[in-house]
Amino acid sequence: FLTIVAVYFAYWHLELWDRLDRHLTRTHRFNVFVPYLFVLKSRRLWFEVAICIGHIPPWYTFEFYSTSVENVIVYRAETLGALANVCRLYLLWWIYTNWMLADLPNR
């Protein structure tokens with residue numbers, strides 16, 4: 001649940017930065033109110049939520065096995081789930097960019 005909230009606020013921040021950019025470069029009116037539905041209409045948001053929502057429940061386990069040169073190799077569901085969760089590390093990029101932008105000097 002927290003991952004979905006973090007992804008939502010990352011897209012909310014992205015829209016706010018886009019509005020600020022349009023205000024500074026094209027002199028559009030700057031409106032800081034970003035409606036919930038505006039962010040929820042984004043297809044990229046829902047694609048990212050679909051990627052981040054998958055996980056293995058704590059009480060559920062199973063194994064995959066394969067044979068290689070007469071050796072049996074077993075992979076547990078927790079290992080495969082952890083491997084899939086490593087793909088979420090790209091979310092740290094959002095935090096890094098927001099931190100770097102906040103560190104820029106004001107005029």
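Residues numbered from 1 in each chain as written. Predicted model: local features only at pLDDT ≥ 70, side-chain atom pairs only at ≥ 80, totals over all residues. Heavy atoms only, no water.

Asker: Explain a nonpolar patch on the surface to me, using residue names and the numbers behind them.
Answerer: Among the surface-exposed residues, F64, I73, Y75, L80 and L83 lie close enough to one another that they form a single nonpolar patch of about 450 Å² accessible area. Mapped onto the elements, F64 comes out in strand 1 (residues 63-68). With a relative accessible area of 43%, F64 lands in the partly exposed category. (Patch = residues over 30% accessible without salt bridge, like charges linked within 9 Å, V, L, I, M, F, W, Y side chains within 5 Å. Areas by Shrake-Rupley, 256 points an atom, 1.4 Å probe, with all protein chains shown as cover. Salt bridge = Lys/Arg side-chain N within 4 Å of Asp/Glu carboxyl O. Helix = DSSP H or I, 4+ residues; strand = E, 2+ residues; numbered from the N terminus. Buried < 20%, exposed > 50% of the residue type's maximum accessible area, 1.4 Å probe, protein only.)

Asker: Would you mind going over the packing of helix 1 (residues 2-26) against helix 5 (residues 91-102) in detail, with residue names and values included?
Answerer: Think of two packed helices as two axes; the pair is described by the angle between the axes and how far apart they sit. Taken N-terminus to C-terminus, the directions of helix 1 and helix 5 make an angle of 40°; their axes are 11 Å apart at the nearest point. One finds that helix 1 runs oblique with respect to helix 5. The handedness of the crossing between helix 1 and helix 5 comes out as left-handed. Contacts between helix 1 and helix 5 involve T3, V7, A10, Y11, H13, L14 and W17 from the former and L91, W94, N98 and L101 from the latter. Taken together, the residues that form the contact of helix 1 with helix 5 break down as 8 nonpolar, 3 polar and no charged. (Axes fitted to C-alpha atoms, helices over the stretch in contact; angles between N-to-C directions. Parallel < 35°, antiparallel > 145°, perpendicular 65-115°, else oblique. Left-handed = near helix turned anticlockwise from the far one by under 90°. Contact = heavy atoms within 4.5 Å. Nonpolar A, V, L, I, M, F, W, Y, C, P; charged D, E, K, R; others polar.)

Asker: Requested: an account of the pattern of salt bridges, with residues and values cited.
Answerer: In total, this model carries 3 salt bridges according to the counting rule given. The closest approach of N and O atoms between E15 and R22, which form a salt bridge, is 3.5 Å. A salt bridge links E78 to R76; the shortest N-O distance between them is 3.3 Å. Judged by relative accessible area, which is 35%, E78 ranks as partly exposed. The partly exposed category is assigned to R76, whose relative accessible area is 39%. One salt-bridge network, in which partners are shared between bridges, spans E15, R19 and R22.

Asker: Now, about the pairing of strand 1: what can you tell me, with residues and values included?
Answerer: Two faces make up the sheet, and in a regular strand the side chains alternate between them. Inspection of the sheet shows strand 1 paired to strand 2 (residues 71-76) by 6 bridges, in the antiparallel sense. Across the sheet, the residue bridging to F64 is Y75, located in strand 2. Between strand 1 and strand 2, which pair antiparallel one after the other, the connecting turn spans 2 residues, and V69 there sits at a positive phi close to 50°. (Pairing = 2+ DSSP bridges.)

Asker: Let's hear about the environment of I51: which residues, and what values?
Answerer: By the secondary structure assignment, I51 is in helix 3 (residues 43-53). A C-alpha to C-alpha distance of 8.4 Å links I51 and R88, two positions 37 residues apart in sequence.

Asker: Help me get a handle on the side chain of R19, residues and values and all.
Answerer: Note that R19 resides in helix 1. Every residue in contact with R19, bar those within four places of it in the chain, is listed here: F30, N31, F33, V34, P35 and F38.

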